[in-house]
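What follows is the residue order along each chain.
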Amino acid sequence: MSNNLLAGKRGIVFGALNEMSIAWKVAERAVEEGAKITLTNTPLAVRMGTTNELGAKLNAEIIPADATSVDDLQVVFERSMEVLGGKVDFVLHSIGMSPNVRKKRTYDDLDYGMLNTTLDVSAVSFHKMIQVAKKLDAINTGGSIVALSYIAAQRTMVGYNDMADAKSLLESIARSFGYIYGREKNVRINTISQSPTMTTAGSGVKGIDNLFDFAERMSPLGNATADDCADYCIVMFSDLTKKVTMQNLYHDGGFSNMGMSYRAMEQYIKGLDEYRDENGNIIYG
Ligand SMILES: NC(=O)c1ccc[n+]([C@@H]2O[C@H](COP(=O)([O-])OP(=O)(O)OC[C@H]3O[C@@H](n4cnc5c(N)ncnc54)[C@H](O)[C@@H]3O)[C@@H](O)[C@H]2O)c1
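Okay, so let's go over this structure.

Cut-off values and rules
Residues numbered from 1 in each chain as written. Predicted model: local features only at pLDDT ≥ 70, side-chain atom pairs only at ≥ 80, totals over all residues. Helix = DSSP H or I, 4+ residues; strand = E, 2+ residues; numbered from the N terminus. Rg over C-alpha atoms; globule rule 2.2 N^0.38 Å. Buried ≥ 20, exposed ≤ 12 C-beta atoms within 10 Å, placed from the backbone. Contact = placed C-beta atoms within 7 Å. Pairing = 2+ DSSP bridges. Expected span 1.5 Å × (residues − 1). Arc of directions from axis to C-beta. Near = placed C-beta within 6 Å. Axes fitted to C-alpha atoms, helices over the stretch in contact; angles between N-to-C directions. Core = buried A, V, L, I, M, F, W, Y, C linked by C-beta atoms within 7 Å. Parallel < 35°, antiparallel > 145°, perpendicular 65-115°, else oblique. Left-handed = near helix turned anticlockwise from the far one by under 90°. Nonpolar A, V, L, I, M, F, W, Y, C, P; charged D, E, K, R; others polar.

So, about the overall build of the protein chain. In terms of helices and strands, the protein chain carries 10 helices and 6 strands. In terms of C-alpha radius of gyration, the protein chain reaches 19 Å, essentially the compact-globule figure of 19 Å for 285 residues. In terms of its C-alpha atoms, the protein chain occupies a principal-axis envelope of roughly 70 × 40 × 40 Å. Burial statistics for the protein chain: of 285 residues in total, 44% are counted as buried. Look at the contacts in the protein chain between residues 6 or more apart in sequence, and 71% of them connect residues 24 or more apart.

Of all 11 residues in strand 4 (residues 139–149), 8 are buried; the element is thus mostly enclosed. Pairing of strand 3 (residues 88–93) with strand 4 involves 5 bridges; the strand directions are parallel. Bridging across to strand 4, Val-91 finds its partner in Ile-145.

Each α-helix winds once per 3.6 residues, and so residues spaced three or four apart point in a common direction. For helix 4 (residues 70–84), built from 15 residues, the straight-helix expectation of 21 Å at 1.5 Å per residue is met to within 8% by its first-to-last C-alpha distance of 21 Å. Listing the buried residues of helix 4 in full gives Leu-73, Val-76, Phe-77, Ser-80 and Leu-84. Down the axis of helix 4, the smallest arc covering the buried residues is 85°, so these residues share one side. Opposite its buried face, helix 4 presents the exposed residues Asp-71 and Glu-82, each directed more than 90 degrees away. Residues of helix 4 that are buried make contact with strand 1 (10–14), strand 2 (36–40), strand 3 and helix 6 (112–135).

The immediate surroundings of the ligand are formed by 26 residues, with Ser-21, Gly-96, Thr-199, Ala-201 and Gly-202 found nearest. If you list the elements that add at least two residues to the shell around the ligand, you get helix 1 (22–32) and strand 4.

Taking strand neighbours across the sheet as the criterion, the 6 strands line up as 2-1-3-4-5-6 in an open arrangement whose pairing is parallel. The open sheet has two edge strands, strand 2 and strand 6 (248–251), and neither has a second partner. Here the strands of the sheet are splayed against their neighbours by 20° on average, with no regard to which way each runs. As judged from the 4 bridges shared by strand 1 and strand 3, these two strands associate in the parallel manner. The residue of strand 3 that forms the bridge with Phe-14 is His-93. This element, helix 1, spans strand 1, strand 2, strand 3, strand 4 and strand 5 (188–194) of the sheet and lies at about 165° to strand 1.

On to the nonpolar core. One finds Val-13, Ala-23, Val-26, Ala-27, Ala-30, Ile-37 and Cys-233 to be the most contacted residues of the largest nonpolar core, which totals 72 residues. Ranked by residues supplied to this core, first place goes to helix 7 (residues 163–185) with 8 residues. Here Ala-30 is in contact with Leu-6, Gly-11, Val-13, Ala-35, Ile-37, Ile-234 and Phe-237, once residues within four sequence places are set aside.

As a further point, take the packing of helix 1 against helix 9 (residues 226–237). Their axes nearest at 8 Å, the elements helix 1 and helix 9 cross at an angle of 50°. Judged on the interaxial angle alone, helix 9 and helix 1 are oblique. For helix 1 against helix 9, the interelement crossing comes out right-handed. Where helix 1 abuts helix 9, its residues Ile-22, Lys-25, Val-26, Arg-29 and Ala-30 lie against Ala-226, Asp-227, Cys-229, Ala-230, Asp-231, Cys-233, Ile-234 and Phe-237. Partitioning the contact of helix 1 with helix 9 into residue classes produces 9 nonpolar, no polar and 4 charged.

The structure is reproduced here in structure tokens:
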């Protein structure tokens, strides 16, 4: 159902790979709410994924770009202003990738070259994107920039690996740049910390099925879906949240404020033995 929350607004959506992508749902909802958008993803993702289908469905131009390349980002913002007919009002950063996770390198055996890539793709790209936009003056006064994060930025979630460090940096960039862009241009910058979600990136996380189930049971409202996340992004892009900036906004059914539930406690004590060595010491799991 549309409430025309984004009527007349222009936006750029980074990171729609396939129908499961959170960015895919955001793009669909944004257009439903009256926005005109462009889509962007890596040239490889555009070739291999189904972004083209989404572009055709939403009448949105696709601008291939590696979000770690400042030159590519410049093209994204310049071309978007051209095809959309003016400065943009909102931007979604929905990008994450860790070669260490992909190669199953554990956190105590990281490859540092890969760590640099994780941080560049998943966090520094956010800084680059905002810096490029600001230098080009590509975002309207009162505009809104959102990136997607995860609670592993604050709490240790075993298996999330170096993506946890990337998310901490991502959230910090939202605060640091949020101050500057807010003071100078009234542009808001926030991160949304989303529940575990079954997507291509999500399925790369070690033990995602169990993590998904655990979070579902621990959260009083259950996990937030990609569609729920799209709704939240629309509100953050709309004029209903004009004074919200520099925040990490939990969108997780209440999970982030849970400590322990009776059900989790009962389950926990049933299965401790497999995490002990022959001397009874607790081992890494
Ligand atoms: N799935 C989850 O459980 C979950 C939970 C919280 C937050 N998030 C975050 O949501 C965001 C979107 O992920 P998703 O779950 O929709 O998965 P996804 O795999 O659909 O999206 C990740 C996107 O990042 C893009 N990408 C990778 N490298 C890039 C680069 N160099 N330049 C431009 N784009 C690049 C991919 O092509 C892909 O479209 C990510 O930031 C992810 O960390 C996901």
